[in-house]
Amino acid sequence: MDADISFYLALLGMAVASYACRVGGFLLMGWLTITPRLEAALRAMPIGVMVGIVAPYVAAGRPPEIAGLVTVAVVMKLTRSDIVAAVAGAAVVAIGRRLVGAG
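Residues numbered from 1 in each chain as written. Predicted model: local features only at pLDDT ≥ 70, side-chain atom pairs only at ≥ 80, totals over all residues. Heavy atoms only, no water.

A. Here's a closer look at the overall build of the protein chain. When you go through the protein chain residue by residue, the secondary structure sums to 4 helices and 0 strands. Overall, the protein chain shows an N-to-C arrangement of helices and strands of α-α-α-α. Computed over its C-alpha atoms, the radius of gyration of the protein chain comes to 19 Å, more than 25% above the 13 Å expected for a compact globule of 103 residues. Referenced to the eigenvectors of the C-alpha coordinate spread, the extents of the protein chain come out at roughly 50 × 50 × 20 Å. (Helix = DSSP H or I, 4+ residues; strand = E, 2+ residues; numbered from the N terminus. Rg over C-alpha atoms; globule rule 2.2 N^0.38 Å.)

Dropping the structure here:
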């Protein structure tokens, strides 16, 4: 397997940046007082990230993605587990794309 050195440098850079963001966030949170408002914002952050990832696909208006979004909403309402909802939504999108032949 012959790979370009720039690939490994980019991979190392991404790993370092990811680690720095996690450690930096952890260290900065030590300086803050966790208020109910801050706690609510931190709890809402994963949902905001998921919406940011999913929104462009739903805006395209393809049926598998819309069905996946509906599935996520229903499963989230029933189970209150974002992981279960995300897996269910991804499964519905994958099955839908396979059936429609898109993707």
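Read on, since the account is not over.
B. Looking closely at the pattern of salt bridges. In the structure shown here, the tally under the stated rule is 3 salt bridges. Residues E65 and R62 are paired through a salt bridge, measuring 2.8 Å at the closest nitrogen-oxygen approach. E65 gets classed as buried once you look at its relative accessible area, which sits at 5%. Through salt bridges with shared partners, one network takes in R62, E65 and R97. (Salt bridge = Lys/Arg side-chain N within 4 Å of Asp/Glu carboxyl O. Buried < 20%, exposed > 50% of the residue type's maximum accessible area, 1.4 Å probe, protein only.)

C. Layout of a nonpolar patch on the surface. Residues I34, L42, M45, V49, I53, V54 and L69 make up a contiguous nonpolar surface patch of roughly 600 Å² in combined accessible area. The element best represented in the nonpolar patch is helix α2 (residues 36–59), accounting for 5 residues. Mapped onto the secondary structure, L42 falls in helix α2. L42 gets classed as partly exposed once you look at its relative accessible area, which sits at 35%. (Patch = residues over 30% accessible without salt bridge, like charges linked within 9 Å, V, L, I, M, F, W, Y side chains within 5 Å. Areas by Shrake-Rupley, 256 points an atom, 1.4 Å probe, with all protein chains shown as cover.)

D. Spotlight on the packing of aromatic side chains. By the definition in use, this model includes 1 aromatic pair. Ring centres of F7 and Y8 lie 5.2 Å apart, and the angle between their planes is 70°; this geometry places the pair in the edge-to-face category. (Phe/Tyr/Trp six-rings, centres within 6.5 Å; stacked < 30°, edge-to-face > 60°.)

E. Expanded view of unusual backbone geometry. In this structure, R80 takes a positive phi of about 60° despite not being glycine. Considering the arrangement of structural elements, one finds R80 in the loop between α3 (63–79) and α4 (82–100).

F. Just the environment of A90, in detail. Tracing the sequence through the fold places A90 in helix α4. For the pair formed by A90 and V72, sequence separation is 18 residues and the distance between their alpha carbons is 8.6 Å.

G. View of the layout of surface pockets. Roughly 530 Å³ of internal volume is contained in the largest pocket. Elements with a minimum of two residues in the lining of the largest pocket: α2, α3 and α4. Taken together, the residues of the lining of the largest pocket sort by class into 16 nonpolar, 2 polar and 3 charged. (1 Å grid on protein atoms, 1.4 Å probe; cavity = no way out; pocket = protein on both sides within 12 Å on 5 of 7 lines; lining within 4 Å. Points joined across faces, edges and corners; volume = space filled by probe spheres on them. Nonpolar A, V, L, I, M, F, W, Y, C, P; charged D, E, K, R; others polar.)

H. Expanded view of the packing of α3 against α4. One can describe the packing of α3 onto α4 by two numbers: an axis separation of 8 Å at closest approach and a directional angle of 155°. Compared by their axis directions, α3 and α4 come out roughly antiparallel. The way α3 lies across α4 gives a crossing that is right-handed. Here α3 contributes P64, E65, A67, G68, T71, V72, V75, M76 and T79 to the contact with α4, which in turn contributes D82, V84, A85, A88, G89, V92, V93, G96, R97 and V100. Looking at side-chain class alone, the contact of α3 with α4 contains 11 nonpolar, 5 polar and 3 charged residues. (Axes fitted to C-alpha atoms, helices over the stretch in contact; angles between N-to-C directions. Parallel < 35°, antiparallel > 145°, perpendicular 65-115°, else oblique. Left-handed = near helix turned anticlockwise from the far one by under 90°. Contact = heavy atoms within 4.5 Å.)

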